[in-house]
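The lines below spell out each chain.
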Amino acid sequence: MNWSKYSAPLAFYPLAGKMIPWFSAVAALAIAVGLYIGLLVAPTDFQQGDSYRIIFVHVPAAWMSMFLYVVMAIWAGVGMGLNARLSFMMAQAIAPTGAMFTFLALLTGAMWGKPTWGAWWVWDARLTSELILLFQYAGVMLLRTSIDDLRRADRASGVLALVGVVNIPIIYFSVKWWNTLHQGASVSMTAAPKMATIMLTAMLLMTFGFWMYSIAVILSRVRCVILERESQPAWGNPSAAPEVAEAR
Amino acid sequence: MYWGSVSEFLAMGGYGLYVWTSFIATALGITWEVLALWRRRAAALADSRGIVRSIE
Amino acid sequence: MNRPSLWEALRGVVRRDLLLAMRRRSDVVMSVFFLVIVASLFPLGVGPEPAVLRTIGAGVLWVAALLACLLSLGRVFTADYLDGVLEQMVLIAQPLPVLVVGKVFAHWIVSGLPVVLLSPLLGLQFGLDGEALGVLVLSLLLGTPTLSMIGAIGAALVLGVRGSGLLVALLVLPLYVPVLIFGAGAVTSSMAGIGGEANLSLLGACLVLSLFFSPWATAAALRIALE
Amino acid sequence: MNRPSLWEALRGVVRRDLLLAMRRRSDVVMSVFFLVIVASLFPLGVGPEPAVLRTIGAGVLWVAALLACLLSLGRVFTADYLDGVLEQMVLIAQPLPVLVVGKVFAHWIVSGLPVVLLSPLLGLQFGLDGEALGVLVLSLLLGTPTLSMIGAIGAALVLGVRGSGLLVALLVLPLYVPVLIFGAGAVTSSMAGIGGEANLSLLGACLVLSLFFSPWATAAALRIALE
Amino acid sequence: MLQTVALSCLRGDRRLFSDLNITVQPGTLLAVVGENGSGKTSLLRMLTSLLSPEEGAILWQGQDIREQREQYCAQLTYIGHLNGIKDDLTAMENLSLSASLVGDHCDGPAAHAALEAVGLRRQAHQLPTKVLSQGQKRRVALARLWLSARTLWLLDEPFTSLDTAATGLVTEQLHAHLKRGGIAVVVTHQEVGLPSGLVQRLRMNG
Amino acid sequence: MLQTVALSCLRGDRRLFSDLNITVQPGTLLAVVGENGSGKTSLLRMLTSLLSPEEGAILWQGQDIREQREQYCAQLTYIGHLNGIKDDLTAMENLSLSASLVGDHCDGPAAHAALEAVGLRRQAHQLPTKVLSQGQKRRVALARLWLSARTLWLLDEPFTSLDTAATGLVTEQLHAHLKRGGIAVVVTHQEVGLPSGLVQRLRMNG
Ligand code: HEM
Ligand SMILES: Nc1ncnc2c1ncn2[C@@H]1O[C@H](COP(=O)(O)OP(=O)(O)OP(=O)(O)O)[C@@H](O)[C@H]1O
Ligand SMILES: Nc1ncnc2c1ncn2[C@@H]1O[C@H](COP(=O)(O)OP(=O)(O)OP(=O)(O)O)[C@@H](O)[C@H]1O
Ligand SMILES: [Mg+2]
Ligand SMILES: [Mg+2]
């Protein structure tokens, strides 16, 4: 398997280094064009006025927050199944970015809620479950930092991440299961099809940009993690290991 | 181009506060993350004892 | 070869934990006491308006039950971990998940069941009527074992971690949310005349799901903690 | 003769506990998160009606603060008891009550203060207005140290008194009730336009009283536990 | 027969030992000695399967223990640093509950006999173990050896806190076990008072 | 000078000892020996003032310790069964914090010196003590003896889990303490390797 060559952290490190610039560039481009269309080209929404433009950061951030959690859990699962350290490192690297997007979704949502609903916050299902998602990220990260032993920390937070996946569908479908404010507010999207196309383009571009950005950031964070872990003597390059054993 | 003037653009039809807070917060979040990563990388490189040179 | 039957091992675990609980009878009283205090605080804090109390009653009782379960979770594995009984348990020649089920069951008997039994009384205080009370008890009967099963995962994950009381709350509460929504929802919808069946069956589904997955996750977490 | 001054000893205790907390920076974060989680459970159980939430907001936040305190306080002495640090502390050539004050103070800094600081934000989520928010913060500022002081007695008693944890529950939880009533009452009465001063001054009285008595009671309980 | 094959152990960032190959035949006691922190406890926990090896494998009757975890567990008795007894239960209850849990035979008289064999006075049998002295608690934990008919005994510093009388009793029981063809691995800082033909020593060089 | 006068001890419904009269002069080590459960730890805890005597009194420099608790505490160092160290702190932090708490002088170099004196390798100084081995933890606890200039040392089974090297180091430190005119009371199941002129033995007969 060619893949297995890169499953060793130290082999993956340079590969990741080569990929980062590309993803960063694509991300910058997509976000720039998305912003241009979203802020400068797209017309005002006839119901909500210009406050709807928050959608161009809100929805991508909200989507990323959920996707990243699932991706994190998958990496953790692979790590547990194959006993692969790199997988755990990926999971570790994803969590902060996911948490940040969750936070941004909450914040931009609140910014949108004030003009639209007249309140910064309502205890509606979608909002609440997004808040819960933030706690899940926090839990995974806190559990990891609370355990000193790296191997134990990896596995314990992996178990937690996997268990937490059950909540993702609940967040996603909460709008259907529980009659909410959130759903009703977004009807204007379908009201004017022509405008929706432009909006959709901008939104998808932004989402794509956020995706690429996440990949770039996660790759460079995983490089940091690799450095931090591999620079400890015994983990390090395998040829040094027997030396450590003999030296004592 | 949809907007007539810069001030109109900034006002966002009266929703400027909300819209710009959202966008700026997002921008800040991203910059903060990138900066934090940069610092972390510098720190990691500082005590990596030249592992990087050996593999890159 | 000395290998206890699966059933014997399970019974052994439950028996020991119940015996221990009887030795420390205060544990049982504690969760009941807590429930009563949280539930009776609300009329004090919110004011005696019956209409308001009736609206919030189901929700408050469910949250109180959930917190009572959470508070007692710390006891499931910690003591065993500290005095070395847990490592002995892991070394029993039986599948660990089965033993976990035994421990969680004993925990539920001690701290979940009393809550269920006490709930109608507290429901009365909030002005719930006959049918709503029935649904409340039923929802708690289905829900509290789920809470214990889910909580066990968290309790196992935080073994050996400082400040674990709050950490376990943080880890477990997000997972409790669906149970809470369905449980409180069952009561409120029955009070609204819609009937709580839909929510109750969702609760049942949660129970089955957690019975199925939680023992494995907990067992994995325990092995990790003992490394 | 090596005897640290009273002040040095006090500072030493506080410093050690804060250092321990810093070692696990998550401790601080955790009580904040816990508060947020518990506060968000109630709307989930009760339903999203803003009017109802506004009414119960103060009560909910106060219960959440109390629980955060209760959960973390149980462990103030337990760890020290189990690893033998407590017996070393009792043997310091300084009055034990003073050292107890140091421990409780450190604990409050780590888990009470963040709760106070966060409360306005949560109050906003429940739709409390400006003045009510101010009273809420003030009441928590007066109330949480009281909770910590009272809780310390319970935490110390739990270490020692055999098989009568029931006694502890009976002792501590009822003592919490007045604090809760005054605390939540201050906010609700200020929301009702009556002004919360009366309740706040009662809270202040509770604080003074607990500062006065709790260190002695706690110290006595600790000595009993170590016999 | 218990074997380790190219076993190596990593704790945190320290390699405690590597490429460890030992074979313990039936009827032999492996005494693991070495200075503090040299990895004796870690090795013992690997032998119990609680700790998984960094590299290498542990074989029981020629087969990797990870592939036969339950059968393997059914044949071992492990007593660690921690006593594994419940403070709130009496010595009797502790013994009979833990025996019934692992499937050893243990009724009232058998438990009494075991506790007396390990030198606990009758009046201590019915006290909650939390009031017992350090050495008495250790004795309660060790009493399990008198109930265990298992082949493999793994003991971590069994003689800690014991007085000389109790040390003698435990040593005798170990002797009987070996004569039955059992295997024992004992971590200790003291000499084990057994005929040297029965004892194989492993010195860990931290 | 440490004296007990007609001391008696009751635990639960058992009288462990009664009418115990001993006098320990400066420069002497009192070795308390006896079988498990005979009341050695109970006696030691009475000497620390943690446990109050059933009858009789303990005199320090001729005065009852209950009447001078704080002055008395300022002159003793007690190390019990439990190590009294925090798992989450490093050995260094543990040492300097506990020293500063009791008012002993302890800066960085002094702590390092103490840890090295007790035989802990330098790389272990900065690890959280929870990852240390049993014996290494005990060493961290005992390192306090190298920082203590107090007159009275009360040690409960100090040599538990220690290897022979460490046992030797601690014994030497005890010797130095006695030569400075200090007093030590040591509960132990082993012989203390000191000149017999310095050692006074107390055998407890459970
Ligand atoms: C703090 C408050 C808010 C949070 C936590 C939040 C959360 C989310 C989440 C998680 C999604 C993605 C889920 C999905 O696509 O199905 C989403 C999508 C969306 N949100 Fe929000 N939201 C908030 C406030 C608002 C407000 C105030 C509005 C508009 C009035 C709004 C409009 C939308 C729209 C239009 C979508 C896209 C829905 C779709 O295309 O399916 N959100 N939000
Ligand atoms: N996370 C870690 N980082 C560094 N070293 C570690 C870590 N975890 C464990 N160790 C080291 O591993 C060793 C554990 O050894 P172990 O407990 O097996 O020793 P032992 O031979 O049983 O010693 P003792 O005789 O004191 O009981 C210790 O030296 C400890 O410092
Ligand atoms: N509540 C009680 N009821 C009856 N006996 C008790 C009670 N509490 C303590 N004991 C007895 O008191 C004794 C405590 O002895 P102590 O701990 O002082 O022994 P020790 O000499 O230090 O023994 P070891 O060598 O094992 O450490 C034990 O024999 C114990 O059984
Ligand atoms: Mg060891
Ligand atoms: Mg003793």
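Thresholds applied
- Residues numbered from 1 in each chain as written.
- Chains lettered and ligands numbered in written order.
- Predicted model: local features only at pLDDT ≥ 70, side-chain atom pairs only at ≥ 80, totals over all residues.
- Heavy atoms only, no water.
- Contact = heavy atoms within 4.5 Å.
- Salt bridge = Lys/Arg side-chain N within 4 Å of Asp/Glu carboxyl O.
- Helix = DSSP H or I, 4+ residues; strand = E, 2+ residues; numbered from the N terminus.
- Buried < 20%, exposed > 50% of the residue type's maximum accessible area, 1.4 Å probe, protein only.
- Least-squares fit on C-alpha atoms with pLDDT ≥ 70 in both.
- Near = heavy atom within 4 Å.
- Polar contact = N/O pair within 3.5 Å; in protein donor to acceptor, adjacent residues only side chain to side chain.
- Areas by Shrake-Rupley, 256 points an atom, 1.4 Å probe, with all protein chains shown as cover.
- Nonpolar A, V, L, I, M, F, W, Y, C, P; charged D, E, K, R; others polar.
- Pairing = 2+ DSSP bridges.
- Axes fitted to C-alpha atoms, helices over the stretch in contact; angles between N-to-C directions.

### Let's talk about the arrangement of the chains
Right, so step 1: By contact count, the leading pair among the 11 pairs of chains in contact is chains A and B.
Right, so step 2: At the C-alpha level, the nearest point of chain B lies 24 Å from chain C, with no contact between them.
Right, so step 3: A minimum C-alpha distance of 14 Å separates chain B and chain E, which share no contact.

### Quick notes on the pattern of salt bridges
Right, so step 1: In total, this model carries 29 salt bridges over all chains according to the counting rule given.
Right, so step 2: In this structure, C:R23 and E:E93 form a salt bridge, with 2.8 Å as the shortest nitrogen-oxygen distance. Of this pair, C:R23 sits in helix α1 (residues 6-23) while E:E93 sits in helix α3 (residues 91-102), placing the two residues on different chains.
Right, so step 3: Classification of C:R23 by relative accessible area gives partly exposed; the value is 34%.
Right, so step 4: Judged by relative accessible area, E:E93 falls into the buried class, the value being 19%.
Right, so step 5: Between F:D64 and F:R66 there is a salt bridge, with its nearest N and O atoms 3.3 Å apart.
Right, so step 6: Its relative accessible area of 48% is what places F:R66 among the partly exposed residues.
Right, so step 7: What you see here is one network of salt bridges that share partners, running through C:D17, C:D80, C:D83, C:K103 and E:K86.

### Regarding the relation of the copies chain F and chain E
Right, so step 1: Structural alignment of chain F on chain E gives an RMSD of 0.1 Å, achieved by rotating through 180 degrees and translating 0.1 Å along the axis. Here the copies are linked by what is in effect a two-fold axis. Within chain F, the C-alpha atom positioned nearest to the axis of rotation is that of F:T160, 3.2 Å from it.
Right, so step 2: When the interface residues of chain F are mapped onto chain E, 100% of them again fall at the interface, so both copies present the same face.

### Describing the site of ligand 3
Right, so step 1: With respect to spatial proximity, 23 residues lie near ligand 3, and among them E:S133, E:G135, F:K40, F:T41 and F:S42 are the closest.
Right, so step 2: Residue neighbours of ligand 3 fall on chains E and F, so the site bridges chains.
Right, so step 3: Taking F:S42, its side chain carries an N or O atom lying 2.6 Å from an oxygen atom of ligand 3.
Right, so step 4: Contact with the protein chains hides 92% of the accessible area of ligand 3, taken as 640 Å² for the molecule alone.
Right, so step 5: Residue assignment for the shell around ligand 3 shows that the elements contributing at least two residues are α5 (134-142) of chain E together with β2 (14-24) and α1 (40-48) of chain F.
Right, so step 6: When grouped by side-chain class, the residues that make up the shell around ligand 3 number 4 nonpolar, 13 polar and 6 charged.

### Here we look at the sheet that holds strand β6 (residues 76-79) of chain F
All names here are of chain F.
Right, so step 1: The 5 strands lie next to each other as β6-β7-β8-β3-β9, forming an open sheet whose pairing is parallel. One side of each edge strand has no neighbouring strand; the edge strands of this open sheet are β6 and β9 (199-204). Averaged over all adjacent pairs, the angle separating strand axes in this sheet is 15 degrees, with direction ignored.
Right, so step 2: Strand direction decides the pairing type here: strand β3 (residues 29-34) and strand β8 (residues 183-187), joined by 4 bridges, are parallel. Looking at the pairing, L30 lines up with V185 of β8.
Right, so step 3: Across the sheet, α1 lies against β3, β6, β7 (152-156), β8 and β9, angled at about 150 degrees from β7, the strand it touches most.
Right, so step 4: Strand contacts of helix α7 (residues 164-179): β3, β7 and β8, with the helix running at about 145 degrees to β8, the strand carrying the most contacts.

### Quick notes on α1(F)
Right, so step 1: Within α1(F), 8 of the 9 residues are buried, which leaves it mostly tucked inside the rest of the structure.
Right, so step 2: Those residues of α1(F) not exposed but buried are F:K40, F:S42, F:L43, F:L44, F:R45, F:M46, F:L47 and F:T48.

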